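Examination of the molecular architecture
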Amino acid sequence: MFGRLQPEYQPLIAPAIQYGVSQRNIPYDQLYLTDEAALYCSELVVDMFRQANGGINFFHEEPMSFRDTQSGQVHQSWIDYYAYFGMQVPEGEPGSNPGDISLDERLSIYRVEGPIPGLRPV
């Protein structure tokens with residue numbers, strides 16, 4: 001996917017990148033938690049733009065869901081994944097993902113490779 005922030009928000013890009021680069025030694029968060037001990041991809045983006053926006057959330061975290069959209073049940077693969085780490089699935093905990101970020105109205109999406117559920121056409 002290729003997108004850009006709308007022009008009025010583009011001044012946030014340089015400080016966001018600067019902050020992101022400063023986080024390069026933080027380990028990857030394979031548990032997808034927002035505890036800052038480790039970072040996953042979209043969590044880093046959320047943090048970068050919060051920092052660039054003077055500590056005010058720019059991209060918002062939403063309650064995470066690991067549920068099948070048809071059955072409403074948590075996918076067994078997630079249950080098994082988190083059980084491996086001795087945890088319950090963090091259903092409903094705050095988090096982010098690239099798909100939700102792509103839906104932000106301050107972004108213009110110009111090119112998409114493959115289907116993205118929920119993406120608004122430009």
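**Points about the nonpolar core**
Core analysis: the largest hydrophobic core is formed by 12 residues, namely Leu5, Leu12, Ala16, Val46, Met48, Phe49, Ala52, Phe58, Phe59, Ile101, Leu107 and Ile109. Sorting the residues of this core by element identifies helix H2 (41–52) and strand E4 (107–111) as the ones contributing at least two each. Counting residues per element, this core draws most heavily on H2, which supplies four residues. For Leu5, the contacting residues outside a window of four places in its chain are Gln10, Ile13, Phe49, Phe58, Phe59, Arg106 and Leu107. With seven residues, the next largest nonpolar core counts Met64, Phe66, Val74 and Tyr82 among its residues.

**Side note on the pattern of salt bridges**
Within this structure, the stated rule accounts for three salt bridges. Note that Arg50 is salt-bridged to Asp47, the shortest N-O span being 2.9 Å. Here Asp47 and Arg50 lie together in helix H2, a separation of three residues that amounts to about one turn. You can call Arg50 partly exposed: its relative accessible area is 21%. The salt bridge involving Asp104 is made with Arg106; its shortest N-O contact spans 2.7 Å. With a relative accessible area of 17%, Arg106 lands in the buried category.

Here is what the cut-offs are and how they apply
Residues numbered from 1 in each chain as written. Predicted model: local features only at pLDDT ≥ 70, side-chain atom pairs only at ≥ 80, totals over all residues. Heavy atoms only, no water. Core = buried A, V, L, I, M, F, W, Y, C linked by side-chain atoms within 4.5 Å. Buried < 20%, exposed > 50% of the residue type's maximum accessible area, 1.4 Å probe, protein only. Helix = DSSP H or I, 4+ residues; strand = E, 2+ residues; numbered from the N terminus. Contact = heavy atoms within 4.5 Å. Salt bridge = Lys/Arg side-chain N within 4 Å of Asp/Glu carboxyl O.

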